[in-house]
Amino acid sequence: MNILDELEARLALRSARVGVIGLGYVGLPLTLRCVDAGFAVTGFDIDQGKVARLNGRESYIEHIASTSISQARDAGFEATTDFAQAAQMDVLVICVPTPLTRFREPDLSCVIDTVDALLPNLRKGQLLSLESTTYPGTTEEELQARVESAGLRVGADFALVYSPEREDPGNRDFSTRTIPKICGGVTPRCLQAGVAFYGAVVDQVVPVSSTRVAEMTKLMENIHRAVNIGLVNEMKIAADGMNIDIHEVIKAAATKPFGFVPYTPGPGLGGHCIPIDPFYLTWKARQYGVHTRFIELAGEINGDMPRWVFGKVQAALNSVKKPVQGSRVMILGVAYKKNVDDLRLSPALNLMELLRDNGALLSYSDPHVAKFKKLREHEFTLESQELTPQVLGAMDCVVLITDHDNFDYELIRQHAALIVDTRGRYCQIRDSHIMHA
């Protein structure tokens, strides 16, 4: 039995130790699932505040209950900023951000810094898995070379795989356990070890022939959504110019039992995946002389939607003889999708900056975001306001950006003087004080 056979035996017995690096919206659910599967788990993060809260049995992500953290702690889970403990792990899973630079090029600094921090603590008999979204070739070109520089033979005494995350925060129909897991290995032996680990954690593992295929699969999934959302957003703009209700069109088209998948328009894209991931492929494709025009066009359309919504707000205020400057404008929902507390790249932020830069007096209401967290590219010091007839009545305009289920839409309709609806919540209502955007 060689050293990777021994690793697989420990995985089968649940005696292997698992380390998850990056305890955010991807890493923390994976951590809890690994604990539930019977593994001893250590979470690694450079944020001392997160580590302290987790060790104190407190969650900092709304859809993850603190009771789940407490149960994990009872089962032996601990969080740490000490990367030296990685040497004690049998499996290491990297779940750190992969943003874009200001030039829309991949920024792998978090991944590279993580691997470099792990290098002194890597040893034979370990499995290293990258889950962060990236361009095809990253695992082999960036990680494999670093691992082998430490004297470890990938595929012989060390396993290296890529298995993209597929988390969907707030989706109650699927969980980390029930979402099929793609896995590609640098070598067939690496893949075998990766399948052994993930097969112990999730219900279904989908092995693919290489890490490049796995990396491209993740991009394909998110580009599919980005392009279709861009299409339906462009259709919305065209329909608006023709005074056609795009939501009625979508519902009618969706009655076709084949060849059509309904997507709904909105004020733009948000989250850490769909606004970013397509540009990882466009950047890599240019190295092969390929210009991905279709993908880039969808990115342009989706990126311009907050500005288009701003124009609709401006037109709505003009219709009641008010300028943007000095008008009291409330944003309803600042999270990037409904029923979550995630602000990352929310289109609400770009719209709010446009409104603020043009002199609007801003406020917001979001039952999932009590106050603005520290953001890398946006700065607001606002706190959420409770929706009451008095608060709504004091606004010149309210703009529905994120249609959380627990908003009282009838209260809003009755007491807001002017509504700009970007989500189609009021699409069947024809009222002079509701403008559809």
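Source: prediction; values computed, not measured.

> Run through a nonpolar patch on the surface, naming residues and quoting values.
A cluster of nonpolar side chains, M242, I244 and V249, forms an exposed patch at the surface whose accessible area comes to about 270 Å². Here V249 is to be found in helix 9 (residues 246-253).

> Could you give me a rundown of the pattern of salt bridges, with the residues and numbers involved?
This model, assessed by the stated rule, comprises 27 salt bridges. Across the pair D405 and R425 runs a salt bridge whose closest N-O atoms are separated by 3.0 Å. Of this pair, D405 sits in the loop between strand 11 (397-400) and helix 14 (409-415) while R425 sits in the loop between strand 12 (419-421) and strand 13 (434-436), and the two are 20 residues apart along the sequence. Since its relative accessible area comes to 46%, D405 is described here as partly exposed. Salt bridges here are not isolated pairs; linked through shared partners, they connect E140, E141, R212 and K284.

> Outline the pairing of strand 9 (residues 328-332), supporting the account with residue identities and numerical values.
Burial analysis of strand 9 places four of its five residues in the buried class, which makes it a mostly covered element. Note that strand 9 and strand 10 (residues 361-365) share five bridges and pair parallel. Directly across from L332, in strand 10, lies its bridge partner S365. A crossover links strand 9 with its parallel partner strand 10, the connecting element being helix 12 (residues 347-357), and its sense is right-handed. Bridge analysis of strand 9 against strand 11 gives four bridges, and the strand direction is parallel. For M330, the partnering residue across the bridge sits in strand 11 and is V398.

> Tell me about the sheet that holds strand 13, residues and numbers included.
Pairing within the open sheet is parallel, and its five strands lie in the order 10-9-11-12-13. Looking at the sheet topology across the chains shown, the edges are occupied by strand 10 and strand 13. The mean angle between the axes of side-by-side strands here comes to 20 degrees, regardless of whether they run parallel or antiparallel. On top of the sheet, helix 12 reaches strand 9, strand 10 and strand 11; it is set at about 175 degrees to strand 9, its chief contact.

> So, the side chain of K312: which residues are in play, and what are the values?
Its place among the elements puts K312 in helix 11 (residues 293-319). On the basis of relative accessible area, K312 is assigned to the buried category, the value being 14%. Each residue touching K312, except ones within four places of it in the same chain, is listed here: D240, V420, M435, H436 and A437.

> Which residues make up the sheet that holds strand 6 (residues 159-162), and what values do they have?
Strand order in the open sheet made by the eight strands is 3-2-1-4-5-6-7-8, with mixed pairing throughout. If you trace the sheet from one side to the other, it starts and ends with strand 3 (78-80) and strand 8 (205-208), each paired once. Looking at each pair of strands side by side, their axes are set apart by 25 degrees on average, direction ignored. Of the pairings in the sheet, the one linking strand 1 (residues 17-21) to strand 2 (residues 40-44) comprises five bridges and is parallel in character. Across the sheet, I21 pairs through a bridge with F44, a residue of strand 2. Strands in contact with helix 7 (residues 188-199) are strand 1, strand 4 (91-94), strand 5 (127-130), strand 6, strand 7 (181-185) and strand 8; relative to strand 7, the strand with the most contacts, it is inclined by about 155 degrees.

> Tell me about the packing of aromatic side chains, and name the residues and values.
Enumeration over the complete set of coordinates arrives at nine aromatic pairs. Measuring from centroid to centroid gives 5.7 Å for F44 and F83, while their planes differ by 55 degrees, and the two rings are tilted. Of this pair, F44 sits in strand 2 while F83 sits in the loop between strand 3 and strand 4, placing them 39 residues apart in sequence. The class of F83 is buried, set by a relative accessible area of 13%. Pairing F197 with Y198 gives two aromatic rings, centres 4.7 Å apart and planes at 55 degrees, and the pair type is tilted. The class of F197 is buried, set by a relative accessible area of 0%. Taken together, F39, F197 and Y198 form an aromatic cluster joined through their ring pairs. One residue, K181, lies across the ring of Y198, its end atom 4.6 Å from the ring centre.

> Hey, could you go over the state of the cysteines for me, with residue numbers and the actual values?
Put plainly, a disulfide is one covalent bond tying together the sulfur atoms of two cysteines. According to the stated counting rule, one finds zero disulfides in the structure shown. Free of any disulfide, C183 has its nearest cysteine sulfur in C190, 9.5 Å distant. Lacking any disulfide linkage, C397 is separated from the closest cysteine sulfur, that of C427, by 18 Å. Judged by its relative accessible area of 0%, C397 falls in the buried class.

> So what's going on with helix 9? Residues and values would help.
Considered for burial, the residues of helix 9 that qualify are I246, H247 and I250. Buried residues in helix 9, looked at end-on, bunch into an arc of 100 degrees, giving them a common side. Looking at the buried residues of helix 9, the elements they touch are helix 8 (211-241). Among the residues of helix 9, the N-terminal cap falls to D245, whose side-chain oxygen and the backbone nitrogen of H247 are separated by 2.9 Å.

> I'd like a rundown of the pairing of strand 2, residues and numbers included.
In terms of burial, strand 2 is largely enclosed, as four of its five residues are buried. You can see the chain leave strand 1, run along helix 2 (residues 27-36) and come back into strand 2, and the turn it takes is right-handed. Inspection of the sheet shows strand 2 paired to strand 3 by three bridges, in the parallel sense. Within strand 3, the position partnered with G43 by the bridge is A79.

> Quick one: what's the story with the packing of helix 2 against helix 4 (residues 66-74), residue by residue and with numbers?
Contact geometry of helix 2 with helix 4 gives a least axis separation of 10 Å together with a crossing angle of 45 degrees. Taken together, the axis directions place helix 2 and helix 4 in an arrangement best described as oblique. Handedness of the helix 2/helix 4 crossing: left-handed. Facing L28, L32 and V35 of helix 2, the residues of helix 4 in contact are S68, I69 and A72. The residue inventory of the contact of helix 2 with helix 4, partitioned by class, reads five nonpolar, one polar and no charged.

Parameters at a glance
Residues numbered from 1 in each chain as written. Predicted model: local features only at pLDDT ≥ 70, side-chain atom pairs only at ≥ 80, totals over all residues. Heavy atoms only, no water. Patch = residues over 30% accessible without salt bridge, like charges linked within 9 Å, V, L, I, M, F, W, Y side chains within 5 Å. Areas by Shrake-Rupley, 256 points an atom, 1.4 Å probe, with all protein chains shown as cover. Salt bridge = Lys/Arg side-chain N within 4 Å of Asp/Glu carboxyl O. Helix = DSSP H or I, 4+ residues; strand = E, 2+ residues; numbered from the N terminus. Buried < 20%, exposed > 50% of the residue type's maximum accessible area, 1.4 Å probe, protein only. Pairing = 2+ DSSP bridges. Right-handed = clockwise from strand over helix to strand, strands pointing away. Axes fitted to C-alpha atoms, helices over the stretch in contact; angles between N-to-C directions. Contact = heavy atoms within 4.5 Å. Phe/Tyr/Trp six-rings, centres within 6.5 Å; stacked < 30°, edge-to-face > 60°. Lys NZ or Arg CZ within 6 Å of the ring centre and 35° of its normal. Disulfide = S-S within 2.5 Å. Arc of directions from axis to C-beta. Polar contact = N/O pair within 3.5 Å; in protein donor to acceptor, adjacent residues only side chain to side chain. Parallel < 35°, antiparallel > 145°, perpendicular 65-115°, else oblique. Left-handed = near helix turned anticlockwise from the far one by under 90°. Nonpolar A, V, L, I, M, F, W, Y, C, P; charged D, E, K, R; others polar.

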